[in-house]
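# Secondary and tertiary structure notes
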Amino acid sequence: MTGNDTKAALATFWVTGQESWAGELGLPPHERAEMTNLEAAWVAGLIFAAVLTDFVLNSGSASLFLVFKLLDLVDYLKFWE
């Protein structure tokens, strides 16, 4: 399979949302993993607890650092647009 075939298969997946491209790429079939509401609540709680702990112990310096790094990443990705 050439690179163009791979790109076409991936484009078909993104447009249609179907996983038929996995067989074309030689990938094993897999089940779609979905996050439940309970798992999402746990992840949100852990993130909130981490940010709260950072503000209590470090005055939010780690969170501020991550925000600046995220902004740098956005600028870097915007460059490739």
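Up top is the structure.
Right, let's walk through the structure included here. Quantities reported herein were computed from a predicted structural model and do not represent experimental measurements. (Residues numbered from 1 in each chain as written. Predicted model: local features only at pLDDT ≥ 70, side-chain atom pairs only at ≥ 80, totals over all residues. Heavy atoms only, no water.)

### Topic: the overall build of the protein chain
- Within the protein chain, the regular secondary structure consists of 4 helices and 0 strands.
- Sequence-ordered secondary structure for the protein chain, helices as α and strands as β, is α-α-α-α.
- Of all 81 residues assigned to the protein chain, the portion counted as buried reaches 9%. (Helix = DSSP H or I, 4+ residues; strand = E, 2+ residues; numbered from the N terminus. Buried < 20%, exposed > 50% of the residue type's maximum accessible area, 1.4 Å probe, protein only.)

### Things to note about the side chain of Asp54
- Among the secondary structure elements, Asp54 is positioned in helix H3 (residues 37–58).
- We note that Asp54 is buried and unpaired, the nearest opposite charge coming from Lys69 at a distance of 15 Å.
- For Asp54, the residues in contact, after removing those within four places along its chain, are Ser59, Gly60, Ser61, Ala62 and Ser63. (Lys, Arg positive; Asp, Glu negative; His and termini not counted. Salt bridge = Lys/Arg side-chain N within 4 Å of Asp/Glu carboxyl O. Contact = heavy atoms within 4.5 Å.)

### So, the side chain of Ser63
- Residue placement: Ser63 occurs in helix H4 (residues 61–79).
- A distance of 2.7 Å separates polar atoms of two side chains, one belonging to Ser63 and the other to Asp54.
- Sequence-distant contacts of Ser63, defined by excluding residues within four places in its chain, comprise Val51, Asp54 and Phe55. (Polar contact = N/O pair within 3.5 Å; in protein donor to acceptor, adjacent residues only side chain to side chain.)

Just geometry here; none of it tells us what the structure is for.
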